[in-house]
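The residues making up each chain are set out below.
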Amino acid sequence: MTINQPSIKQRLPHLWLVLNRWRLLLFGFLLVYLIILLSDLAYPPMQWDEVIHLNAGSFLSWGNYDKFVVNAFYPPLYDVITFAFFEVFGVSLFVARLVPVMFSLLSLWAVFELAYHLYSGRVALLSAVFLGVMPGFFWLSTLSMLETALVFFTTASLLFFYKWLTTRQDRLLVFSGLALGLGLLTKYQMIVAAIVILLSILFLARNQLKFALKKLTITFVTAALVVAPWVIIAFRVYADQILRQWLYALQVGNPERSLYSERFPMPIFYLIEMVWPYDTLHPISLFIYIAGIAGLGFFAWRRRREDKFMLIWFLGIYVFFTLIANKEWRYVLPLFPVIAISASAAFFTFYGRLEGAWKTQSSISKKRLFKAASVLLVALMVCSVAVSVYDTYDYVSKYQVNIDIKGATDYAYNNIGFNKSIMVLCPFNFFSREMVRFYLWADGDNKIPVFQYPRKPVDTYTPNFNITELIHLCKILQVQYVFTYEYGGTVPYYNTTLNLQQVYQQLYASGNFTHITENATFGENPRRIFILEYTG
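Residues numbered from 1 in each chain as written. Predicted model: local features only at pLDDT ≥ 70, side-chain atom pairs only at ≥ 80, totals over all residues. Heavy atoms only, no water.

Draft legend 1. Seen up close, the overall build of the chain. Counting secondary structure elements, the chain contains 22 helices and five strands. Across the 536 residues in the chain, those meeting the buried criterion constitute 53%. For the chain, long-range pairs separated by at least 24 residues make up 75% of all intrachain contacts whose partners lie at least 6 apart in sequence. Working note: accessible area of the chain is about 24900 Å², and carbon and sulfur atoms make up 63% of it. (Helix = DSSP H or I, 4+ residues; strand = E, 2+ residues; numbered from the N terminus. Buried < 20%, exposed > 50% of the residue type's maximum accessible area, 1.4 Å probe, protein only. Contact = heavy atoms within 4.5 Å. Areas by Shrake-Rupley, 256 points an atom, 1.4 Å probe, with all protein chains shown as cover.)

Set out below in structure tokens:
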């Protein structure tokens, strides 16, 4: 007895529903986006926050699992994925940055699917385009940091949850819980997605509140099962400080940095920070941001179920991060999809009304008026995308600088004496001991010690430079090479008059360090690295 299988012709309609023109257009956009991201991925300098994940992947490559586990400030998933990429493609900055590229594409796809389910295919496609051309999102897509992964897992979890709200298929709650759990294993702030889900139940399922809350346990239990192994391992290895690290992580950083968070009044901090944190840099381009905020206002007026869901998403995340002391625009990157979707939905709603008006008008003059308004609206949308592309180019170009830490590290690796170490002097965002360590480990050496003085970055914290203390440290730590960075020569460090020129005057006056030599100079003016030798 044979079972009748659907023929190819019978399968084609279903296949066309999945691979319709909107998804094909999305695929084309993602392909172009990928090519642009990969075109210059390894050139921008390594940054302070991303090298942590590069070295965590290196720890796993070398089998140093103890060092990996005790760093409970970051959950393990992102670093494990980085390690997997290193194992497949080799250890390099380019390979490490393939991870955020992957999550960036997944985020755009997830936003497309969410907007498709909430509204329509054309809204979904434009939402993905709006998100992709946001300068802050594009920039973070090229750095080995957690934010694009957080956007993907947040969007995926909320997508599956909302699909459950409309279909009542319980397996979708399992998928939502899986995304929620994996997000928590990426960044602890993923807990905000759980808050959004809970608020959505309270506001969107009030008529079946008891039933919905009971079903929601499927999501939370699934997430707990995903996270449980890491919690058990972390407590067994580092029980005495694990809670302190997690609470510190939820505050997203060092309280000493909170001065940055006081630049604007707290209730409206992120309303400004998302669009205009600095004089010339815009994480979200101004016109798309205005359209997105206007779209949220439109949602509040229209108040459909899907509109309320987007408002709950925005307000839940906004309030959560507003209450945290340390603030920076990249912490609220999960709000960017809401801005993109609301801007897209508002555009097509108003365009649809104008289109309907000119098609139903019998008066030629009014028909022309509505057509002209429609053309103007489309032109504004195209210009908004164009301006955002330019802002993205401007944003990324500010980081197109070459700091040859790899060349300097290779020089030290090939010439350093037995049982000697390296000192990085005056570290900052693009220059630190962890970056030197990464290239040493990539070269095959995980034994050469690397230190830095002062311990904190001199572009964020006021340096307390003491030449006597430095000489003492170089002596007891058996330092051979001292890495220094040009830093503009006379440009002062953070909140002080001290600059590199004054540091060099003290180094030379001490008589314990060699002078600058051509063969120990790496990079080009004004971003050179000078390697001195400690002779004391």
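Moving on, there is more to tell.
Draft legend 2. Looking closely at the pairing of strand E1 (residues 421–425). A large share of E1 lies buried, amounting to five of its five residues. Where burial is concerned, the two faces of E1 agree: the one with Ser 421, Met 423 and Leu 425 and the one with Ile 422 and Val 424 are both buried. Two elements, E1 and strand E3 (residues 479–485), share four bridges in a ladder whose sense is parallel. Bridge pairing links Met 423 to Val 482 in E3. Relative to strand E2 (residues 450–453), E1 runs parallel, the two sharing four bridges. Paired with Met 423 across the strands is Phe 451, a residue of E2. (Pairing = 2+ DSSP bridges.)

Draft legend 3. Layout of the sheet that holds E1. With respect to topology, five strands assemble into an open sheet ordered E2-E1-E3-E5-E4, the strand pairing being mixed. Either end of the sheet is taken by a strand with one partner, and the two such strands are E2 and strand E4 (521–522). Sheet topology note: the E4/strand E5 (residues 529–533) ladder contains two bridges and is antiparallel. Across the sheet, the residue bridging to Thr 521 is Phe 530, located in E5.

Draft legend 4. Spatial organisation of the nonpolar core. Among the nonpolar cores identified, the biggest contains 179 residues, and Phe 309, Ile 422, Leu 470, Phe 483 and Phe 513 are the most heavily contacted of them. The leading source of residues in this core is helix H6 (residues 93–118), at 15 residues. Once you skip the residues sitting within four places of it in the chain, Phe 513 turns out to touch Ile 467, Leu 470, Ile 471, Cys 474, Val 482, Leu 507, Leu 532, Glu 533, Tyr 534 and Thr 535. (Core = buried A, V, L, I, M, F, W, Y, C linked by side-chain atoms within 4.5 Å.)

Draft legend 5. Summary view of the packing of aromatic side chains. Counted by the stated rule, this structure contains 46 aromatic pairs. Both rings, one in Phe 59 and one in Trp 441, keep their centres 5.3 Å apart while their planes meet at 65°; by these two values the pair is edge-to-face. One end of the pair, Phe 59, is in helix H3 (residues 48–61); the other, Trp 441, is in helix H20 (residues 433–443), and 382 residues separate them in sequence. Look at Trp 441 and you get buried, because its relative accessible area is 8%. (Phe/Tyr/Trp six-rings, centres within 6.5 Å; stacked < 30°, edge-to-face > 60°.)

Draft legend 6. Structural view of helix H21 (residues 467–476). Among all positions in H21, only Ile 467, Leu 470, Ile 471 and Cys 474 are buried. The buried residues of H21 occupy one face: seen down the axis, they fall within an arc of 95°. Structural note: H21 exposes Thr 468 and Ile 476 on the side pointing more than 90 degrees away from its buried face. Elements that come into contact with the buried residues of H21 comprise E1, E2, E3 and helix H22 (500–510). In this structure Asn 466 caps H21, since a side-chain oxygen of it lies 2.9 Å from the backbone nitrogen of Thr 468. Among the residues trailing H21, Gln 478 stands out with phi positive, at a value near 55°. (Arc of directions from axis to C-beta. Polar contact = N/O pair within 3.5 Å; in protein donor to acceptor, adjacent residues only side chain to side chain.)

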